[in-house]
Amino acid sequence: METQRLLSGFCSNPTIPPVRNTKKPFFVASPPTSSASFYQPRKWVSYRTCHFVPQRVGSKQRLKCKNGVENVEDDAISHGKDLKNGVRRKKLAVFVSGGGSNFRSIHEASLQGSVHGDIVVLVTNKRGCGGAEYARDKGIPVVLFPKTKEEPDGLSPSDLVSVLRRFEVDFILLAGYLKLIPVELIRAYPRSIVNIHPSLLPAFGGKGYYGMKVHKAVIASGARYTGPTIHFVDEHYDTGRILAQSVVPVLANDTAEELAARVLREVTEALCEERIIWREDSVPLIQSKENPSEFR
């Protein structure tokens, strides 16, 4: 229950998956839009304990709060039946530190149906960043990580792993997250964490190379081409196996940010559709959607 207590202090949306404890049942209803009533002492919403009685009607679930705090009908719960070519929708966690443009792009693609997955939680190290504000507006739970002197409400690595498991996260997308991912998370989600880096790795990568610093370094070097790299995450900065890259001239009309968002959407589609194939030498390949015998 320690993780539950910590999360309640800074989770911007009070939706937390049920803690499976038969002695002390604790449930919180599915993501509310506006009908739920919560009290908000600060910018971060706390919640009241709410027991509900699920009633399945077809593929829908009706949630009734016994104490009257929430009375939410959630028609979006699929009970695992939302399949695409036999593949269930994946649950995604996105990590951001800034405006979250790539995060927004993935969320929009999910709503439009091009990405066969749903963003179930946002993790940030900056509670006031644009990505976190966007998540709150869309009803996506926001979690603060890591715990620091500046952010004493942040979770520890082990608590973060516990929270993500409760959300049943399949893949983690680092979309402009500037903190080193803890080894506890990497070990808990092997080959399931991907990062987007705004250069053609291994060039202009490593500690200190992030955001506009990368673009400035590329221009200062005189390089004629740049572009985003999507790679799996290991225990070091920008050294994981490369999954996708896209080359663009430095002076192209397409901005680096727009290109990065497009490449990240394509990779996320492949992840959610289980089209990532690992070679025997541990090199990941993306299987073509149109022709499964082709890879890139």
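Residues numbered from 1 in each chain as written. Predicted model: local features only at pLDDT ≥ 70, side-chain atom pairs only at ≥ 80, totals over all residues. Heavy atoms only, no water.

Engineer: How should the pairing of strand β6 (residues 90–96) be read in this particular structure?
Structural biologist: Side-chain direction in a regular strand flips from residue to residue, so the side chains alternate between the two faces of the sheet. Taking burial as the measure, the 7 residues of β6 include 6 buried ones, the bulk of the element. Examined bridge by bridge, β6 and strand β7 (residues 117–124) share 7 bridges and lie parallel to one another. Residue leucine 92 lies in a different strand from β7, and its bridge partner there is isoleucine 119. In terms of strand pairing, β6 meets strand β9 (residues 171–174) through 4 bridges, oriented parallel. Each residue of the ladder has a partner; that of alanine 93, found in β9, is isoleucine 172. (Buried < 20%, exposed > 50% of the residue type's maximum accessible area, 1.4 Å probe, protein only. Helix = DSSP H or I, 4+ residues; strand = E, 2+ residues; numbered from the N terminus. Pairing = 2+ DSSP bridges.)

Engineer: So what exactly am I meant to see when it comes to the pattern of salt bridges here?
Structural biologist: Opposite charge on two side chains lets them pair, provided their charged atoms get close. Under the defined criterion, the tally for this structure stands at 11 salt bridges. For the salt bridge of aspartate 170 with arginine 88, the shortest nitrogen-to-oxygen distance reads 2.6 Å. In this pair, aspartate 170 is assigned in the loop between α4 (157–166) and β9 and arginine 88 in strand β5 (residues 87–88), connecting sequence segments 82 residues apart. We note a salt bridge from glutamate 133 to arginine 136, for which the minimum N-O separation is 2.6 Å. In this pair, glutamate 133 and arginine 136 are both assigned in helix α3 (residues 130–137), 3 residues apart and thus about one turn of the helix distant. Judged by relative accessible area, which is 37%, glutamate 133 ranks as partly exposed. On the basis of relative accessibility, which here comes to 22%, the residue arginine 136 falls in the partly exposed class. (Salt bridge = Lys/Arg side-chain N within 4 Å of Asp/Glu carboxyl O.)

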